[in-house]
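# Geometric and topological summary
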Amino acid sequence: MNIVYRIVHAILAIAVFPAVIFLQLFYMEVSPSFLDYGISFEFSLYKIFDLFGGGSSTQSLRDAFSSESLSNIWNLLTTAKASFVLMIICGAITLVLTVVIIVACIVKGKRKVLLTASSVGLVTSILFKVFSSHVCRTVVESKVNVVSLFSKSYIAGFFGDLINVDTLRIGAFSNAVLMLFMGMVIWSVVYIVTDIGLDEEKPAAIKKK
C-alpha cells in the first residue's frame, strides 16, 4: 500500500509543472483611454517562451523589453512592490516544495515529511493568489498605460499614450496548483488516518486469538 501512496503523491506533484507551463498564466483586457472596450490577451508560460524565442520574426517584440522597460514595470507597481516580491517568493517556494515531494516519493520519504511539504505548499499557493490579486488590482486601479512601458518599440511610437489596462488577473494555473496541493494534503491525511486505524486493530486481533 505504501508504494501506491507514493506513486499517487508523486503523480500529483509532477502534474504541477505542466499546469504552470501550459495553463493560462495571466489574463488581460486593454482598451484605448477614450473607449470603454478593447481587446483581451491571455498567455501561458509556454506561449511566452515560444513568442520571445521565435527568431527574427519576433525580434521587434523582444527589443521592446529593454532594461528600461523592466524598470518602468517595476515603478508602476507603486504600493504593490512588496506584494509582487512576496508573490514571487511564494511561487518559488511552491515549486521547490514540489521538487522535494517528488524526490521524497522516489527515496521512500516518510509520510509526515510528505504531509508537511504538501501542507506548506498548499499555504504558499494560497498566499501566491492573495499577493497576486493585490498586484493585479493595483495595476488596474492605477490606470496604467501599457504602451508607455515599452521604451524602444514601434508600438510606442505609433500608439503614443493611449492604451490602459481594464482587467488583469492571474490565470487558471494558480487554481490548478492549489487544487493539486489540496489533493496531496487530503491524500496524505486519508492514508495516514486509515493506516493508523489498521495498526490499532492488529493488537486487538492478536489478543483475541
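You'll find the structure just up there.
Rules behind the numbers
- Residues numbered from 1 in each chain as written.
- Predicted model: local features only at pLDDT ≥ 70, side-chain atom pairs only at ≥ 80, totals over all residues.
- Heavy atoms only, no water.
- Phe/Tyr/Trp six-rings, centres within 6.5 Å; stacked < 30°, edge-to-face > 60°.
- Helix = DSSP H or I, 4+ residues; strand = E, 2+ residues; numbered from the N terminus.
- Pairing = 2+ DSSP bridges.
- Axes fitted to C-alpha atoms, helices over the stretch in contact; angles between N-to-C directions.
- Parallel < 35°, antiparallel > 145°, perpendicular 65-115°, else oblique.
- Left-handed = near helix turned anticlockwise from the far one by under 90°.
- Nonpolar A, V, L, I, M, F, W, Y, C, P; charged D, E, K, R; others polar.
- Patch = residues over 30% accessible without salt bridge, like charges linked within 9 Å, V, L, I, M, F, W, Y side chains within 5 Å.
- Areas by Shrake-Rupley, 256 points an atom, 1.4 Å probe, with all protein chains shown as cover.
- Salt bridge = Lys/Arg side-chain N within 4 Å of Asp/Glu carboxyl O.
- Buried < 20%, exposed > 50% of the residue type's maximum accessible area, 1.4 Å probe, protein only.

All right, on to the packing of aromatic side chains then. If you walk through the whole model with that rule in mind, you get 6 aromatic pairs. Taken together, a centroid distance of 4.4 Å and an interplanar angle of 15 degrees make the contact between Tyr 5 and Tyr 191 stacked. Taken together, the residues span a long stretch of sequence, with Tyr 5 in helix 1 (residues 2-14) and Tyr 191 in helix 9 (residues 172-208) at a distance of 186 residues. An aromatic cluster is built from Tyr 5, Trp 187 and Tyr 191, whose rings are joined through pairwise contacts.

Next up on the list: the sheet that holds strand 2 (residues 39-44). Strand order in the open sheet formed by 3 strands is 2-1-3, and the pairing between neighbours is antiparallel. Both outer strands of the open sheet, strand 2 and strand 3 (163-170), are each paired with one neighbouring strand and no more. Direction aside, the axes of adjacent strands within the sheet are offset by 20 degrees on average.

As a further point, take the packing of helix 6 (residues 81-106) against helix 7 (residues 111-141). Packed helices, taken two at a time, are described by the angle their axes make and the gap between the axes. Put simply, helix 6 and helix 7 touch, their axes get as near as 8 Å, and they point 155 degrees apart. With respect to each other, helix 6 and helix 7 are oriented roughly antiparallel. The handedness of the crossing between helix 6 and helix 7 is left-handed. For the contact of helix 6 with helix 7, the residue count by class is 16 nonpolar, 9 polar and no charged.

Time to look at a nonpolar patch on the surface. Residues Val 85, Leu 86, Ile 89, Ile 93 and Val 120 make up a contiguous nonpolar surface patch of roughly 350 Å² in combined accessible area. For the nonpolar patch, the element with the highest residue contribution is helix 6, accounting for 4 residues. Inspection of the secondary structure assignment puts Leu 86 in helix 6. In this structure Leu 86 comes out as partly exposed when scored by relative accessible area, which is 36%.

Interpretation note: all reported values are geometric properties and have no functional meaning in isolation.
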